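Observations on chain architecture
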Amino acid sequence: MALYSEKVMDHFRNPRNVGVIEDADGVGEVGNAKCGDIMKMYLKIEDEIIKDVKFETFGCGSAIASSSMATEMIKGQPVSEAMKLTNKAVAEALDGLPDYKMHCSVLAEEAIKNALEDYESRKNNK
Amino acid sequence: MIYADNAATTKMSDAAIDTLTRCMKETFGNPSSLYSIGQTAKEVLEKAREDVAGVIGAQPREIIFTSGGSEADNQALLTAAALGKKNGKKHIVSSAFEHHAVLHTLERLKKEGFEVTLVDVHENGIVRPEEVEKAIREDTCLVTIMYANNEIGTIQPIREIGAICRQKKVLFHTDAVQAIGHIPVNVEEDNIDMLSSSARKFHGPKGVGFLYVKKGIKAENLITGGAQERGKRAGTENVPGIAAMATALKEAASKLDENTVKLSAARDRLIAGLKTIPHSALNGDEHSRLPGNVNFCFEGIEGESLLLLLDDKGIEASSGSACTSGSLDPSHVLLAIGRVHDVAHGSLRLSIGETITDEECDYIIKSVGEVVEYLRGFSPVWRDLVSGKKQFIL
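Definitions and cut-offs
- Residues numbered from 1 in each chain as written.
- Chains lettered and ligands numbered in written order.
- Predicted model: local features only at pLDDT ≥ 70, side-chain atom pairs only at ≥ 80, totals over all residues.
- Heavy atoms only, no water.
- Contact = heavy atoms within 4.5 Å.
- Buried area = accessible area lost by both parts, 1.4 Å probe.
- Salt bridge = Lys/Arg side-chain N within 4 Å of Asp/Glu carboxyl O.
- Polar contact = N/O pair within 3.5 Å; in protein donor to acceptor, adjacent residues only side chain to side chain.
- Helix = DSSP H or I, 4+ residues; strand = E, 2+ residues; numbered from the N terminus.
- Nonpolar A, V, L, I, M, F, W, Y, C, P; charged D, E, K, R; others polar.
- Buried < 20%, exposed > 50% of the residue type's maximum accessible area, 1.4 Å probe, protein only.
- Lys, Arg positive; Asp, Glu negative; His and termini not counted.
- Core = buried A, V, L, I, M, F, W, Y, C linked by side-chain atoms within 4.5 Å.
- Domains from an automatic or database assignment.
- Phe/Tyr/Trp six-rings, centres within 6.5 Å; stacked < 30°, edge-to-face > 60°.
- Lys NZ or Arg CZ within 6 Å of the ring centre and 35° of its normal.
- Axes fitted to C-alpha atoms, helices over the stretch in contact; angles between N-to-C directions.
- Left-handed = near helix turned anticlockwise from the far one by under 90°.
- Pairing = 2+ DSSP bridges.
- Parallel < 35°, antiparallel > 145°, perpendicular 65-115°, else oblique.

Structural notes on the interface of chain A and chain B
Contact residues are listed per partner, giving 27 residues for chain A and 23 residues for chain B. Here chain A meets chain B over a buried area of about 2,100 Å², counting both sides, of which 63% is carbon and sulfur. The salt bridge involving Lys 101 of chain A is made with Glu 304 of chain B; its shortest N-O contact spans 2.6 Å. Inspection of the region where chain A meets chain B yields nine residue pairs in polar contact (both at pLDDT 80 or more). Every element with two or more residues in the side of chain A that touches chain B is listed here: α1 (6–13), β2 (37–46), β3 (49–58) and α2 (61–74) of chain A. Top element by residues in the side of chain A that touches chain B is β3 of chain A. It accounts for four residues. Across the side of chain A that touches chain B, the residue classes tally to 16 nonpolar, six polar and five charged.

What follows is the structure, encoded as structure tokens:
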């Protein structure tokens, strides 16, 4: 049996939404290099809809795949829906992750929420 | 496919497979039985013992066959501990980058009241004999230092350490799992009291190894039962596996010089090529290392991603990466030589085999360069390094 599902390998080999949004409306970063995983998410939001999302990840195969899947799941969604994203949903969409890799999906959820919070706080400070 | 993980395990040689299958078919008897087929098995067993002993300069009766390197390490450490306990000596000297078969056994002994001093392995991954000498106390019952490190391949000054132990009258054990069959080892010349080895690291079968215990040292029996192995390891001997191990070891010993020349040249070609990747560094001393070992850190990337993408390119290697082992901590070996966590996560170990060609080396260099560049392309760590937000370490 392979370490990862086909879905994980697909998102790892061909990650969706990789990159940076220079004029992002919200940016989130979680994790640290010490633990071996860092995820950074950039959001472009118009009328409370996530128009674009990009990510950068330093981490293992499942960290990259989780980031990629999470961005796909929230792209085009209203901010209120994206806030409801769970790590479980990300892992399920990837056809599962090994137990000791579940923290990668947690990081993906946290990175997105972190970016959404950044968006909200910027909005409130306007 | 290029298999570059021979430090993890090797492919069995054809000669070893022949011995194994022949022995399974023809010499299936129990070596403890007195009828012919049993005695034939006994002859095969004792011939294997002679062959193994011959390669490392030991006497046949000094060899105990085990299930592998881990069991041999356990038996060696527990032997020294039992003798130490009897003499009121409960201090052991070792190093921080030993194999877990040694480190975890030391942890177990600590719970039984033993004290352990781990000597520094320094940035080059080499223990200093004078520091071992300093660490030895009146109550030291054992010094255990590996012959060559399993991750970074650095070869330790075993002969010098052994001489110090002889002079101080302290038992000296070495985990030689990565060394036997790859570099010359002689228990007499190297002043070794106990030595562990595993067949699968030199093209022998899995599940077989041996412990050398110098004559005069009473080995502690970990597995009680029958009187096999002179009462030092119960259980009917794995005759086919043991015979195949002897075949593989003799073969490795006879090709040692030829393989060393070939592997060292390939290793140096890989090191020179991989050094050209920006912000990379070789782990461990460049010269005092196993002929087939290359171990690098690449800043800004994580090791598991690197391994998976190399696998896609047909290169099978390993890493000291946290993610491969399922823990959040990177390799204890890389941390022991002073690599910080951030950098230690981006490691790659290539342990090449004798069949490697120059073209394969060049393909590995090119592939690693491509994958590292690709992963850095979307690494937030790399972005911070390039933008100056963080300082480069390598």
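With respect to the side chain of Lys 201 of chain B
All names here are of chain B. For Lys 201, the location among the structural elements is in the loop between β7 (194–198) and β8 (209–213). For the buried residue Lys 201, which engages in no salt bridge, the nearest side chain bearing the opposite charge is Asp 5, 8.1 Å off. Of note is the side chain of Lys 201, whose polar atom sits 2.7 Å from the backbone oxygen of Ala 7. Non-local contacts of Lys 201, meaning those with residues more than four positions away in its chain, are made with Ala 7, Ala 8, Thr 10, Val 177, Gln 178 and His 182.

Re the nonpolar core
With 66 residues, the main nonpolar core has Ile 50 of chain A together with Phe 298, Leu 306, Leu 348, Leu 350 and Val 368 of chain B as its most contacted residues. Examining the composition of this core, we find that eight residues originate from one element, helix α5 (residues 102–125) of chain A, more than from any other. Beyond its immediate sequence surroundings of up to four residues, Ile 50 of chain A is in contact with Leu 43, Lys 44, Ile 45, Ile 74, Lys 75, Gly 76, Gln 77, Val 79, Ala 82 and Leu 116 of chain A. Membership of the second largest hydrophobic core comes to 59 residues, among which are Phe 65, Ile 136, Val 185 and Ile 242 of chain B.

Here's the deal with the domain arrangement of chain B
Residues and elements named next belong to chain B. Each domain of chain B was delimited in the assignment, giving domain 1 (14–254) and domain 2 (255–386). Summarising the inter-unit geometry, the C-alpha centres of domain 1 and domain 2 are found 29 Å apart. In this assembly, 31 residues from domain 1 lie in contact with 21 residues from domain 2. When the two sides are added together, the surface that domain 1 and domain 2 hide from each other amounts to roughly 2,000 Å², 56% of it contributed by carbon and sulfur. Looking only at domain 1, the three residues that lose the most surface to domain 2 are Glu 151, Ile 152 and His 182, adding up to 31% of its buried area. On the surface where domain 1 and domain 2 come into contact, there are one salt bridge. A salt bridge links Glu 251 to Lys 255; the shortest N-O distance between them is 3.6 Å.

Here we look at the packing of aromatic side chains
Overall, the coordinates contain four aromatic pairs over all chains when judged by the stated rule. Centroid distance Phe 55 of chain A to Phe 378 of chain B: 6.3 Å. Interplanar angle 80°. Geometry classified as edge-to-face. With Phe 55 of chain A in strand β3 and Phe 378 of chain B in the loop between α14 (358–376) and α15 (380–386), the pair connects residues from two separate chains. Relative accessible area serves as the criterion here: at 0%, Phe 55 of chain A is assigned to the buried category. On the basis of relative accessible area, Phe 378 of chain B is assigned to the buried category, the value being 3%. Sitting above the plane of the Phe 114 of chain B ring, Lys 90 of chain B keeps its charged end 5.3 Å from the centroid. Residue placement shows Arg 376 of chain B over the ring face of Trp 382 of chain B; its charged tip is 4.0 Å from the ring centre.

Digging into the packing of helix α3 (residues 69–86) of chain B against helix α4 (residues 100–111) of chain B
Residue and element names in this part refer to chain B. Close contact between α3 and α4 brings their axes to 9 Å; oriented N to C, the two are set at 35°. Crossing of α3 over α4 shows right-handed handedness. Listed contacts from α4 to Ser 70, Asp 73, Asn 74, Leu 77, Leu 78 and Ala 81 of α3 are Ala 101, Val 102, Thr 105, Leu 106, Arg 108 and Leu 109.

Details of the pairing of strand β6 (residues 171–175) of chain B
All names here are of chain B. In terms of residue burial, β6 counts as a mostly covered element, since five of its five residues are buried. Side chains Leu 171, His 173 and Asp 175 project from β6 onto one buried face, and the interleaved Phe 172 and Thr 174 project onto a second face that is buried too. As judged from the three bridges shared by β6 and β7, these two strands associate in the parallel manner. By the bridge assignment for β7, Thr 174 is matched with Leu 195.

Remarks on the pairing of strand β1 (residues 26–32) of chain A
Residue and element names in this part refer to chain A. In this structure, β1 lies alongside β2, joined through seven bridges in antiparallel fashion. Bridged to Val 30 within β2 is Met 39. Taking the residues between adjacent antiparallel strands as the criterion, β1 and β2 are bridged by four residues, where Gly 36 takes a positive phi near 95°.

As for the sheet that holds strand β9 (residues 280–282) of chain B
Residue and element names in this part refer to chain B. Pairing is antiparallel in the open sheet, where three strands are placed in the order β9-β10-β12. The outermost strands of the open sheet, each flanked by one partner alone, are β9 and β12 (347–351). Sheet twist, expressed as the average angle between the axes of neighbouring strands with direction ignored, equals 20°. In terms of strand pairing, β9 meets strand β10 (residues 293–298) through three bridges, oriented antiparallel. The residue of β10 that forms the bridge with Ser 280 is Phe 298. Set on the sheet, helix α9 (residues 256–275) makes contact with β9, β10 and β12; between it and β10 the angle comes to about 10°.

Some details on the packing of helix α2 (residues 36–56) of chain B against helix α8 (residues 239–254) of chain B
Residues and elements named next belong to chain B. One can describe the packing of α2 onto α8 by two numbers: an axis separation of 9 Å at closest approach and a directional angle of 30°. Compared by their axis directions, α2 and α8 come out roughly parallel. α2 and α8 meet at a crossing whose hand is left-handed. Residues Ala 41, Val 44, Leu 45, Lys 47, Ala 48, Asp 51, Val 52 and Val 55 of α2 form the contact with α8, whose participating residues are Val 239, Ile 242, Ala 243, Ala 246, Leu 249, Lys 250 and Ala 253. Classifying every residue of the contact of α2 with α8 gives twelve nonpolar, no polar and three charged.

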